Structures are given as C-alpha cells and as structure tokens.
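Secondary and tertiary structure notes
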Amino acid sequence: MINQQRLLDTFLALVQIDSESYQEGNFHAEMVSRLKKLGCSVFVDKAGKKIGSTAPGNIVASLKGSVPGKPFILSAHMDTVCPGKAIKPCVKKDRVTSDGTTILGADDKAGVAIILEILQVLKEQKMPHPGVEVVLTLCEEMGMHGAKNLDYSKIKGKDGLILDNESIEDLLVRGPGKYNFNVKIEGVSAHAGVCPEKGISALDVLTKAMSLMKHGRVDAETVCNFGVISGGRIINAVLSELSLQGEVRSLNAKKLEKQLKHMKDCFAKAAKAFTKKVDGKIIKPKITIDAPKSYAAQNLPKSCPGVKLALAAARKHGVDLKAIACGGGCDANVMFEKGLLLPNIGVGVEKCHSTEEYLILKDFYKAADIVLDTLLSYHG
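Residues numbered from 1 in each chain as written. Predicted model: local features only at pLDDT ≥ 70, side-chain atom pairs only at ≥ 80, totals over all residues. Heavy atoms only, no water.

1. What to know about the pattern of salt bridges
Rules: Salt bridges are counted wherever a side-chain nitrogen of Lys or Arg sits within 4 Å of a carboxyl oxygen of Asp or Glu. The way it works is that DSSP assigns letters per residue, a run of H or I at least four long becomes a helix, a run of E at least two long becomes a strand, and they are numbered from the N terminus.
Under the counting rule described, the total for this entry stands at 15 salt bridges. The partner of arginine 6 in a salt bridge is glutamate 117, with the nearest N and O atoms 2.8 Å apart. In this pair, arginine 6 sits in helix H1 (residues 4-15) while glutamate 117 sits in helix H4 (residues 106-125), placing the two residues 111 residues apart along the sequence. A salt bridge links glutamate 247 to arginine 249; its shortest N-O distance comes to 2.7 Å. Through salt bridges that share partners, Arg174, Asp219, Glu221 and Lys255 make up one connected network.

2. Observations regarding unusual backbone geometry
In this structure, the amide linkage connecting cysteine 82 to the following residue, proline 83, adopts the cis form with an omega of -5°. By the element assignment, proline 83 lies in the loop between strand S3 (72-77) and strand S4 (90-91). Here the residue pair aspartate 107 and aspartate 108 is connected by a cis peptide bond, since its omega of 20° sits within 30 degrees of zero. Position of aspartate 108 relative to the elements: it lies in helix H4. Even without being glycine, cysteine 139 reaches a positive phi, approximately 45°.

3. Section: the sheet that holds strand S21 (residues 358-360)
Within a beta sheet, neighbouring strands are joined by backbone hydrogen bonds and run either parallel or antiparallel to one another. For clarity, the cut-off: Strands qualify as paired when DSSP identifies two bridges or more between them.
Taken in spatial order, the 4 strands make up an open sheet running S4-S5-S21-S20, and their pairing is antiparallel. Pairing within the sheet leaves two strands with one partner each, and these edge strands are S4 and strand S20 (349-350). Alignment of strand S5 (residues 95-97) against S21, held across 3 bridges, turns out to be antiparallel. Among the inter-strand pairings, threonine 97 is bridged to a residue of S21, identified as tyrosine 358.

4. Overview of H1
Threshold: Helix span is expected to be 1.5 Å times the residue number reduced by one. We call two residues in contact when some of their heavy atoms are within 4.5 Å. Side-chain atoms alone can form a polar contact between residues adjacent in sequence; in general such a contact is a pair of N or O atoms within 3.5 Å, and within protein one must be able to donate a hydrogen while the other accepts it.
Spanning 12 residues, H1 covers 17 Å between terminal C-alpha atoms, matching the ideal 16 Å at 1.5 Å per step. Tucked into the core, H1 has its buried residues touching helix H2 (25-37), S4, S5, H4, S21 and helix H10 (361-376). With a side-chain oxygen lying 3.3 Å from the backbone nitrogen of glutamine 5, the N-terminal cap of H1 falls on asparagine 3.

5. Here we look at the nonpolar core
Let me state the cut-off plainly: Only buried residues count toward a nonpolar core, which is a set of Ala, Val, Leu, Ile, Met, Phe, Trp, Tyr and Cys residues joined through side-chain atoms within 4.5 Å. Think of it in three bands: with a 1.4 Å probe and only protein chains considered, a residue is buried below 20% of the maximum accessible area for its type, exposed above 50%, and partly exposed in between.
Grouped together as the largest cluster of nonpolar side chains are 76 residues, with contacts concentrated most on Phe11, Ile114, Leu136 and Phe364. Counting residues per element, this core draws most heavily on H4, which supplies 11 residues. Sequence-distant contacts of phenylalanine 364, defined by excluding residues within four places in its chain, comprise Leu7, Leu8, Phe11, Ala110, Ala113, Ile114, Val347, Gly348 and Leu359. Listed in part, the 24 residues of the second largest apolar core include Met213, Val248, Ala270 and Ile283.

6. Quick notes on the side chain of serine 19
With respect to the helices and strands, serine 19 occurs in the loop between H1 and H2. Among the polar contacts made by the side chain of serine 19, one reaches the side chain of lysine 109 at a distance of 2.8 Å. In this structure, serine 19 is in contact with Glu24, Phe27, Met78, Asp79, Thr80 and Lys109, ignoring residues within four places of it in sequence.

7. Quick notes on the side chain of threonine 102
With respect to the secondary-structure elements, threonine 102 resides in the loop between S5 and H4. The contact partners of threonine 102, leaving out residues within four places of it in the chain, are Pro83, Lys85, Ala86, Ile87 and Thr355.

8. Some points on helix H6 (residues 202-212)
Defined as follows: What the arc describes is the spread of directions from the helix axis to the C-beta atoms.
Burial in H6 covers these residues: Ala202, Val205, Leu206 and Ala209. In a view along the axis of H6, the buried residues occupy a sector of 95°, so they form one face of it. Of the surrounding secondary structure, the elements contacted by the buried residues of H6 are strand S9 (177-186), strand S11 (222-231), strand S12 (241-250), helix H7 (253-273) and strand S15 (286-290). By the N-cap criterion, in which a side-chain oxygen at the helix start approaches the backbone nitrogen of a residue two or three places on, H6 is capped by serine 201, the distance to leucine 203 being 3.2 Å.

9. Here's the deal with the pairing of strand S10 (residues 216-219)
When a strand is regular, its side chains alternate between the sheet's two faces. Strand direction decides the pairing type here: S10 and S11, joined by 3 bridges, are antiparallel. Counterpart to glycine 216 in the pairing with S11 is cysteine 224. Where S10 hands over to S11, the hairpin turn is made up of 2 residues, counted between the paired strands.

Here you go:
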C-alpha cells in the first residue's frame, strides 16, 4: 500500500529544506501547505515566539476518520541538528547519505516523510481508518522545547506513535527523567605563594564533594555525569570560584529524586568540611546549586494500544520488534507527562547527529508499512 518511490521522493525533497533548530520557518510553511492539500485541518500554536523559532509554532493537523473512535496520533519533529544547511542527499544502492559535509536530516525528516505518505495512502485508497492527528514539533533537538510549549488542549487523541528512533527493531517504551545540575562554588581567595592556608580552594571543595558522590553509572537505571567545568584566571592565587555543569538521569522516578538529593548533600558536606577560622573569623565556601527538571521519565505499559499494535504489525512484516528502554529523552517523555501514550518507533536511520548519518531504504520502507498497519488496526 505504501508507494516506495513517492516516499523516497518526499524524503529527498524534505531534507533539502533547511530547518536547523530555531530556524524551522520554511520547513514549517511547507508542512502546513502539504497537510492542507492532503485534506487535514491545521492548527498552529504560539510556541514559536516563546522559544525563539522562525516558525510560528507547533503543528497539530487533523484528518477525519471513516470509523468511530478517538484519533490515532502520529508525531515527529521538524528541526535538525547542525550542520544541516544546504543538505545534498545522495541515493546509493541500498541507502541515502549526505555528501559528507552535512548531516542527512533523516532525524527526523524520515519520520515526517512517512507520516505524509500514510496520509496520501489514506486519501487515495479510501480504506476504513480512524481519525489521524499529526503533531509536528519545533526544537526537539534543543531540549524538546516545542513539546514543552505545545497547546495540548488541541489534541483529542491519547494513543499513537512517535517516529523518531533509529533501528526498526527497537520500540522505545521507557525513557529516563532528567535534571540538569549546575553548581557554583565560591571559595576564599588568598595568595598562593604567601598564605594559601588563609584561603579556601574551590577545587578542593569540588574534589571533596566528588569523592563523596556516587556518579557515572550509579545503578542499572540511574546515571550521573558532569561534563563542563570552568574557573580560575591566575596561577598564583587560591582558586576562589568554580562552575560545574552536569546532569542526572534515571528510568525510575524515585531513584532520580534520591540521586538528586544525594548530590546536593555531598556538596553541603564538602562545604562544611572546609569551614574554618582564619584570623579570628569563620570563613566557609558558598555553594549555589541550580537543578531544573528537564523532563520526566516515561514508562509505557506493553498493554497500551500503541505498543501492542506496533508489535503485532511488525511481526506481520517479519520484523522482530522489541519494546525496550533507552537512556535518552525525546518528545515522548514530555508528552507522557500530559497523558499521551506514544512509543517511539524506528525509521531506519543510522549514525544520527553526524555527517556519516544514513538512511537504510529497506528499513525505511518497512517502517512505513508497520506504522500504517498499526494505525489501521487501532480502534479508539
């Protein structure tokens, strides 16, 4: 039922429309035009202005069904990572690549192309189908800012699929919650050659805190990492200020909160350890912690329609699809908090976020078949 050549042509056209994060304006306009031509009613929210995109907002497009029940959601994101300008796709025997100077943009324009092809098939073949809600988001790659600012009041469905994973054998049903963890340590400066004992090194405080802390792979479900550190200007002064940026993730919400508290406690203990009296005065380091929540954990039951139907559709097409957990976040995490049950299905892309990215054509076509059959099997 899928027209493979048309699907490929659509994909090749889409990746040649620049849409790096915050620069989705032209691609957004193309999507609105295509969706309307396919018979959808189109709503655009006001997220674009809030997050600083050239596009006005996220897109929620609705296609009426020919059978009763709630609509089935198909979602993808419109933005790409850098370098994603002037992409030149190269079709080879079994795959599509870029020319090597840019990404390909299959993340996530392969997902968008599949959605458009499915709508075209429904229009042409007039087969019985549920209503379809297409949700296309902005700035997924920069922290799911589109999904976080989506007008959820316009979405009528609950079940569906996000088309934003790599392998067609992996259906992502669990994803971690995440906190960013930013620390500023203010020690006490002193001349390093004359009276270092009168100062408090921010580096010593940090070293103490890290010696107390569980980090890296904390357990099977939880990880903690610090990736950015900055501070210091001269070598003959006790280091008085240090900034650290990191994150903590866990598939388990309780473990996430426990690890966050543990990290804060370690810095508090380190500050106490370096509190001392100098020249009759108590001096101590000052520690400021900013730990905003980036997104919540997602945990979909295997009994939910999007999971159950996708697994069955994959078996029909000879794909050994497995419901698994992943260590990264996506729009599905944000939407799960809003009550949407959307497993993340693969579209056949490899080496995302690199100039070596490529799309495996047989998997791309099979992904479209699986998504279409999942949709047609849904009875909301």
